[in-house]
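Geometric and topological summary
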Amino acid sequence: MAELCGALIGCGFFAVNQMHAWRDIAGASIVAICDRDPERLKVVGDQFGIARRYADAAALFAGEKLDFVDIATTAPSHRSLVEMAARHRVPAICQKPFAPTLADAKAMVKACTDAGVPLMVHENFRWQSPIQAVRAVLDSGDIGRPFFGRISFRSAYDVFSGQPYLATGKRFIIEDLGIHSLDIARFLLGDVSAITTRTARINPDIVGEDVATMLIDHKNGTISVVDCSYATKLATEPFPETLVEIDGSDGTIRLEQGYRLTVTSKSGTRISDVSPPLLPWASRPWHNIQESVVAIQKHWVDCLATGREPATSGADNLKTLALVEAAYAGAASREPVQLEALLR
C-alpha cells in the first residue's frame, strides 16, 4: 500500500501528540500543516520537519493533494473545516468535541456521507490500553452478562495551565472530559436510552461545572454511573486514569488506580498490570493518553486501507455527543432525559 499523505490543521496544545503519533505509524505521514498563528506553525513545523505550512485551510486544500486531514482545532471551527474537506473529497479526522451543537455534528456527518468520504472523531479514551483490556474481559464472557458499571475520573490536576480556555467556557467538565467517560460507557456497556445528571462548580475561579455525576440507563438493561471531577484531592493523584467497575452475572471487573486490573469469575480471581507503555516521546502522567493517540490514528490508517468504517466514526459519535447534550439538559431540568428524540 502506498503511504497516505495527510495534513494537520491546528497546531495547538494537543496536536503535538498527534504529530508524534503520525511519525510513529507506518503507512501514513503528515506532509503539510496549517494554523492561523504563525508562531505555532513555526514551532510545530520546525519540530517535526514540515516545510509546507499554510495560514489558511482553503489554501491548504488548493495547494496539496491529500489522502486525509487531521483537524485539531477547537469545536467552533470544526463544521466549516469538515465541510471543506468533504467538498474536496478528502477523508477527515476531527478532534473532539466534534461540534458545538448536535445540529452542526449531524450536518458534518451528512456532508461527508454525501461526498462519500470517511469521517472519524478523535475520541481516544476508549483506545487506551487499560480500557481495551476491560473490553477484552467483557468479550471473553468471563463475568457473564453485565448489569452494573461505574466509569470514574476524579482528580485535582491543574488542566487549566496548559489549556486556559477551559476555565472560561460556560460548559467545562462534561463537554471536555465527560464526553470521553460517556463514550467509554457506551463502548463497554452499550448504547443509552436515558440519562440523569447532577453538576456542581467547586472551583470559584472557573465559569463552568467541574463536577458531574450521571446515572445511565443502557438499552440492554444495564445501569451505569459515570462520575467526573476536577475538584477531588486524593492522597495519590490519579490523573489521567479512568477507573472502571463492572458487575456481571458471573463475576466482576475492577480497573483500579495504578492500572491494576482485577477479574473475579467462576474460576477464581486474577490480577494483572495493564499499565500503558511509555513511548519514547511520551511523558508521565500523560503517557496513557499519548499511547492511545497512536492506537486511534493507526486504526484510522487501517480503516482507510481496508474501507472499513472507523469505530469512532462521525455517525457513531453523534450518539456520544447526544449524551453530552442530554446531560446538560438534564442538569438544568434535574429530570431524566430520553436519548431517542435527540438522535432523530
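Okay, so let's go over this structure. Keep in mind that what you see is a predicted model, and the values were worked out from it rather than measured.

What counts as what
- Residue positions are given per chain, counted from 1 along the sequence in the order it is written.
- Given that the model is predicted, a residue must reach a pLDDT of at least 70 before its local features are reported, and side-chain atom pairs must reach 80 or more before they are shown or counted; all residues, however, enter totals for whole chains, interfaces and linings.
- The side-chain quantities take in all heavy atoms of the structure and omit both hydrogens and water.
- Helix and strand assignments follow DSSP, with helices taken as H or I runs no shorter than four residues and strands as E runs no shorter than two, numbered in order from the N terminus.
- Values of the radius of gyration come from C-alpha atoms, whereas the globule rule sets the reference at 2.2 Å times the count of residues to the power 0.38.
- Partly exposed describes any residue whose relative accessible area lies between the buried limit of under 20% and the exposed limit of over 50%, with all areas from a 1.4 Å probe on protein chains only and scaled to the type maximum.
- A contact between two residues is defined here by any heavy atoms of the two lying within 4.5 Å.
- Only the protein chains shown count as covering a residue, and every accessible area follows the Shrake-Rupley method with a 1.4 Å probe.
- When DSSP finds two or more bridges between two strands, those strands count as paired.
- Here an axis means a line fitted to C-alpha atoms, over the contact stretch when the element is a helix, while the angle between two N-to-C directions is reported on a 0 to 180 degree scale.
- Comment on the angle field: the value is read as roughly parallel under 35 degrees, roughly antiparallel over 145, roughly perpendicular from 65 to 115, and oblique elsewhere.
- All residues other than Ala, Val, Leu, Ile, Met, Phe, Trp, Tyr, Cys, Pro, Asp, Glu, Lys and Arg, Gly among them, are scored as polar; the first ten of these are nonpolar and the last four charged.
- Any Phe, Tyr or Trp ring, taking Trp's six-membered ring, that has another such ring centre within 6.5 Å forms a pair; planes under 30 degrees apart are called stacked, those over 60 apart edge-to-face, and the others tilted.
- Think of it as a cone above the ring: NZ of Lys or CZ of Arg counts as a charge over the ring if it is within 6 Å of the ring centre and within 35 degrees of the ring normal.
- We define a salt bridge as a contact between a side-chain nitrogen of Lys or Arg and a carboxyl oxygen of Asp or Glu at a distance within 4 Å.

With that settled, consider the overall build of the chain. Looking only at helices and strands, one finds nine helices and 15 strands in the chain. Against the 2.2 N^0.38 benchmark of 20 Å for 344 residues, the chain shows a C-alpha radius of gyration of 20 Å, consistent with a compact globule. Dimensions of the chain along its principal axes, counting C-alpha atoms only, are 60 × 45 × 40 Å. Within the span of the chain, comprising 344 residues, buried residues form 56% of the whole. Excluding contacts between residues fewer than 6 apart, the proportion of contacts in the chain whose partners are at least 24 apart in sequence is 67%. In the form shown here, the chain has an accessible surface area of approximately 14600 Å², with 53% of it arising from carbon and sulfur atoms.

Relative to strand 11 (residues 243-248), strand 7 (residues 146-154) runs antiparallel, the two being bridged by six bridges. Residue isoleucine 151 lies in a different strand from strand 11, and its bridge partner there is valine 244. Pairing between strand 11 and strand 12 (residues 251-256): five bridges, direction antiparallel. For valine 244, the partnering residue across the bridge sits in strand 12 and is leucine 255. Hairpin connection of strand 11 to strand 12: two residues between the antiparallel strands.

Looking now at the packing of helix 4 (residues 78-87) against helix 5 (residues 102-115). As a packed pair, helix 4 and helix 5 sit with axes 9 Å apart at the nearest point and diverge in direction by 5°. Accordingly, the angle class assigned to the pair helix 4 and helix 5 is roughly parallel. Along the contact surface, helix 4 presents His78, Arg79, Val82, Glu83 and Ala86, while helix 5 presents Asp104, Ala107, Met108, Ala111, Cys112 and Ala115. The residue makeup of the contact of helix 4 with helix 5, split by class, is seven nonpolar, one polar and three charged.

What follows covers the sheet that holds strand 9 (residues 211-218). Strand order in the open sheet made by the nine strands is 14-13-12-11-7-10-9-8-15, with mixed pairing throughout. The outermost strands of the open sheet, each flanked by one partner alone, are strand 14 (268-273) and strand 15 (337-338). Sheet topology places strand 8 (residues 192-200) next to strand 15; two bridges connect them, and they run antiparallel. Paired with isoleucine 195 across the two strands is valine 337, which belongs to strand 15. Helix 6 (residues 129-140) contacts strand 7, strand 11, strand 12, strand 13 (260-265) and strand 14 of the sheet and is inclined by roughly 175° relative to strand 12. Most of the contacts of helix 9 (residues 314-333) go to strand 8, to which it runs at about 50°, and overall it touches strand 8, strand 9 and strand 15.

What follows deals with the packing of aromatic side chains. Under the definition given, this model contains eleven aromatic pairs. Between phenylalanine 125 and phenylalanine 153 the ring centres are 6.4 Å apart and the planes differ by 35°, which places this aromatic pair in the tilted class. Here the residue phenylalanine 125 occupies a position in the loop between strand 6 (119-122) and helix 6, and phenylalanine 153 occupies one in strand 7, the gap between them amounting to 28 residues. Take phenylalanine 125 and phenylalanine 153: they sit in the same class, and that class is buried. Measuring from centroid to centroid gives 6.1 Å for phenylalanine 153 and phenylalanine 239, while their planes differ by 85°, and the two rings are edge-to-face. Placement of the pair is phenylalanine 153 in strand 7 and phenylalanine 239 in the loop between strand 10 (223-229) and strand 11, with a sequence separation of 86 residues. The burial state of phenylalanine 153 is the same as that of phenylalanine 239; both residues are buried. Three or more aromatic residues joined by ring pairs form one cluster here, namely Phe13, Phe125, Phe153, Tyr157, Phe160, Phe172, Tyr230, Phe239 and Trp286. One cation-aromatic arrangement involves arginine 135 over phenylalanine 187; the distance from NZ or CZ to the ring centre is 4.8 Å.

Under the defined criterion, the tally for this structure stands at 25 salt bridges. Of the charged contacts, one joins glutamate 64 and arginine 52 as a salt bridge, the two residues approaching to 2.5 Å between their closest N and O atoms. With glutamate 64 in the loop between helix 3 (57-63) and strand 4 (68-71) and arginine 52 in strand 3 (residues 52-54), the pair connects residues that are twelve residues apart, well separated along the chain. What makes arginine 52 partly exposed here is its relative accessible area of 43%. In this structure, the salt-bridge partner of arginine 79 is glutamate 83, at a minimum N-O distance of 2.9 Å. In this pair, arginine 79 and glutamate 83 both sit in helix 4, four residues apart, roughly one turn of the helix. The structure contains a network of salt bridges with shared partners spanning Arg126, Asp183, Arg186, Asp191, Asp316 and Lys319.

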